[in-house]
Amino acid sequence: MTCGALAGATLTGAAPANAMSGARIAPGVTYAQFDVRAARGVTHAHVLTVDLRNPRVRVDLLYPGAVAARAPVSRLADARGAVAGVNGDFFNISEVQHPGVAATGAPVGPVIAAGRALKAAVPDGQRFGPALPPGTSTQDVLGLGIDRRFRLDGLRLDGTVTTNDGRLRLGGLNQYALPVGSVGAFTAKWGSVSRVRAICGTDTDRAAPCSSDTYEVTVRKGRVVGVSDRPGSGPIAEGATVLVGREAGAQRLRKLSKGERVRVRQRLVATRSGVPYRFTVGGYPVLRGGRALAGLDNRASAVRTAAGFAERGRRLYLLALDGATQYRSGLTIAEVAAVMRRLGSTDAFSLDGGGSSTLVARERGAHTVSVRNHPSDGSERPVPNGIGVFSGR
């Protein structure tokens, strides 16, 4: 982080430049709002501070129950009984380049929920959102370990399909875009949305045409029970796996016949810590060890959402900017890193912004959350996931 970036994002109003103080939402959870004087003007920030040293506090993934599904953050929070939360990862929001192909609403990065792998990362060239900072990828995650500590990490897919003809490596798990020439696995957690989007675009060009060389195989109880020349849609039975192949992957799947034995194995492996995760959410890092990543964009300002942590992952900061017209100038990514450091974060992570930026929290005595910022679309945008804050009595 440069001194200029710090000078260009100054906290004003009621927010101190270290650990946040503010209104108590629940034991271990506080909420504050304040102005930020940035290069493009004054914007307004909303921040939750979460103390994981408090045994009453939990933080977990919010999602609609399927990878390819969306709902407003307030609905996701209330469905789980969360006292507060913010939106999460960037996602497959539209398909204007592929007429007739349904946008899946599925997130970009790897997802773990309740300790179980839900999906892996799409290729870097297939992501939605601003350009990634140098040295980062779609495999980057913000994760909460089973030790109740937050970390920045990466998650790679380790999966195989074993058949009578040998073994091939999986290129995807419940993701809206598969690497060229690969085979991806889809489970009941994908949902019912069409799987056609998975064979569109390339590893470097999201807008490239959909592949014409595809094949799909359904595996149940360890045997092939169905085949198709094109990816299908509709719910996947619990315990079944649908394998979708493109190009070389499709050619491998065509060798399978109904009744043949097939074993599918998949897991997400941490690339840095080796710690088992309670949950993870995708995005990209902006701050590590108290220093901003090199090459952060300092030109494009927008409404942003970010998460940061301090005290070795035991204190969490969740920030969402206000999308009201007078504040919509927002922050650059370099300014987001500066603000998160001023709040006290040693490490920080950028989440989806723009119309997705939403922060919700309960009012005193309320049993449901309310939206604290003004979403820039004028109302909440349905999103695929978020970070939920829970506090027991």
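This report concerns the structure included in the present document. (Residues numbered from 1 in each chain as written. Predicted model: local features only at pLDDT ≥ 70, side-chain atom pairs only at ≥ 80, totals over all residues. Heavy atoms only, no water.)

**Some points on the overall build of the chain**
Here is step 1 of the chain: The secondary structure content of the chain amounts to four helices and 26 strands.
Here is step 2 of the chain: The C-alpha atoms of the chain give a radius of gyration of 21 Å, which matches the 21 Å a tight globule of 393 residues would have.
Here is step 3 of the chain: Along the longest, intermediate and shortest principal axes, the C-alpha atoms of the chain span 65 × 45 × 35 Å.
Here is step 4 of the chain: Buried residues in the chain amount to 58% of all 393 residues.
Here is step 5 of the chain: When contacts within the chain are restricted to residue pairs at least 6 apart in sequence, long-range pairs at least 24 apart make up 72% of them.
Here is step 6 of the chain: Carbon and sulfur atoms make up 48% of the accessible area of the chain, which totals about 15,200 Å².
Here is step 7 of the chain: Side-chain charges of the chain comprise 52 positive and 29 negative groups, with the mean position of each set lying 6 Å from the other. (Helix = DSSP H or I, 4+ residues; strand = E, 2+ residues; numbered from the N terminus. Rg over C-alpha atoms; globule rule 2.2 N^0.38 Å. Buried < 20%, exposed > 50% of the residue type's maximum accessible area, 1.4 Å probe, protein only. Contact = heavy atoms within 4.5 Å. Areas by Shrake-Rupley, 256 points an atom, 1.4 Å probe, with all protein chains shown as cover. Lys, Arg positive; Asp, Glu negative; His and termini not counted. Charge placed at Lys NZ, Arg CZ, Asp CG, Glu CD.)

**Describing the environment of V244**
Here is step 1 of the chain: Following the sequence through the fold, V244 ends up in strand β16 (residues 241-246).
Here is step 2 of the chain: Separated by 16 residues in sequence, V244 and S228 have C-alpha atoms that sit 9.5 Å apart.
Here is step 3 of the chain: Beyond its immediate stretch of four places on either side in the chain, V244 contacts L178, S182, V183, G184, F186, R195, I199, Y215, E216, P231 and L253.

**A word on the pattern of salt bridges**
Here is step 1 of the chain: The final tally for this structure, using the stated rule, is 18 salt bridges.
Here is step 2 of the chain: Between E216 and R195 there is a salt bridge, and its shortest N-O distance comes to 3.1 Å. Here E216 is found in strand β14 (residues 214-220), whereas its partner R195 is found in the loop between β13 (183-186) and β14, with 21 residues between them in sequence. Of the two residues, E216 and R195, both sit in the buried class.
Here is step 3 of the chain: D377 serves as the salt-bridge partner of R381, at 3.1 Å between the closest nitrogen and oxygen.
Here is step 4 of the chain: Take D377: its relative accessible area is 45%, and that puts it in the partly exposed class.
Here is step 5 of the chain: Because the salt bridges share partners, they merge into one network encompassing D51, R53, E311 and R315. (Salt bridge = Lys/Arg side-chain N within 4 Å of Asp/Glu carboxyl O.)

**Points about the packing of aromatic side chains**
Here is step 1 of the chain: Across all of its chains, the model carries four aromatic pairs by this definition.
Here is step 2 of the chain: Above the plane of the ring of F90 lies R127, whose end atom (NZ or CZ) is 5.3 Å from the centre. (Phe/Tyr/Trp six-rings, centres within 6.5 Å; stacked < 30°, edge-to-face > 60°. Lys NZ or Arg CZ within 6 Å of the ring centre and 35° of its normal.)

**Here's the deal with empty space enclosed by the protein**
Here is step 1 of the chain: A full pass over the atoms with the stated rule returns three cavities of 30 Å³ or more.
Here is step 2 of the chain: Approximately 60 Å³ is the volume attributed to the largest cavity.
Here is step 3 of the chain: In terms of residue class, the lining of the largest cavity is built from four nonpolar, one polar and three charged.
Here is step 4 of the chain: For the second largest cavity, the calculated volume is near 40 Å³.
Here is step 5 of the chain: Taken together, L61, Y63, A66, V67, P107, V111, L118, P384 and N385 make up the lining of the second largest cavity.
Here is step 6 of the chain: When its residues are assigned to classes, the lining of the second largest cavity shows eight nonpolar, one polar and no charged. (1 Å grid on protein atoms, 1.4 Å probe; cavity = no way out; pocket = protein on both sides within 12 Å on 5 of 7 lines; lining within 4 Å. Points joined across faces, edges and corners; volume = space filled by probe spheres on them. Nonpolar A, V, L, I, M, F, W, Y, C, P; charged D, E, K, R; others polar.)

**Quick look at helix α4 (residues 333-343)**
Here is step 1 of the chain: Counted residue by residue, α4 has nine buried out of eleven residues, so it is predominantly covered.
Here is step 2 of the chain: Every buried residue of α4 is accounted for by I333, A334, E335, V336, A337, A338, V339, M340 and L343.
Here is step 3 of the chain: Positive phi shows up at G344, right after α4, with a value of about 125°.

**Some thoughts on the environment of A310**
Here is step 1 of the chain: By secondary structure assignment, the location of A310 is in strand β21 (residues 305-310).
Here is step 2 of the chain: Among the residues examined, A310 registers a relative accessible area of 6% and is labelled buried.
Here is step 3 of the chain: In this structure, the C-alpha to C-alpha distance between A310 and I112, residues 198 residues apart in sequence, is 22 Å.
Here is step 4 of the chain: Excluding its chain neighbours within four sequence positions, the residues that come into contact with A310 are R315, Y317, G344, S345 and T346.

**Description of the sheet that holds strand β26 (residues 386-391)**
Here is step 1 of the chain: The strand order across the open sheet formed by five strands is β5-β26-β6-β24-β25, and the pairing between neighbours is antiparallel. Only two strands of the sheet have a single neighbouring strand rather than two, namely β5 (57-62) and β25 (369-371). Adjacent strand axes in the sheet meet at a mean angle of 20° when their direction is disregarded.
Here is step 2 of the chain: When strand β6 (residues 84-87) meets strand β24 (residues 359-362), the two strands line up antiparallel, connected through three bridges. Each residue of the ladder has a partner; that of G85, found in β24, is V360. (Pairing = 2+ DSSP bridges. Axes fitted to C-alpha atoms, helices over the stretch in contact; angles between N-to-C directions.)

**Remarks on the sheet that holds β14**
Strands pair in a sheet through their backbones, by hydrogen bonds, and they do so in one of two ways: parallel or antiparallel.
Here is step 1 of the chain: As summarised here, the arrangement of the five strands in space is β12-β13-β16-β14-β15, forming an open sheet in which the pairing is mixed. Edge strands, defined here as strands with exactly one partner in the open sheet, are β12 (172-173) and β15 (223-228).
Here is step 2 of the chain: As paired strands, β14 and β16 are joined by six bridges and run antiparallel to one another. Across the sheet, residue T214 finds its bridge partner in β16, namely R246.

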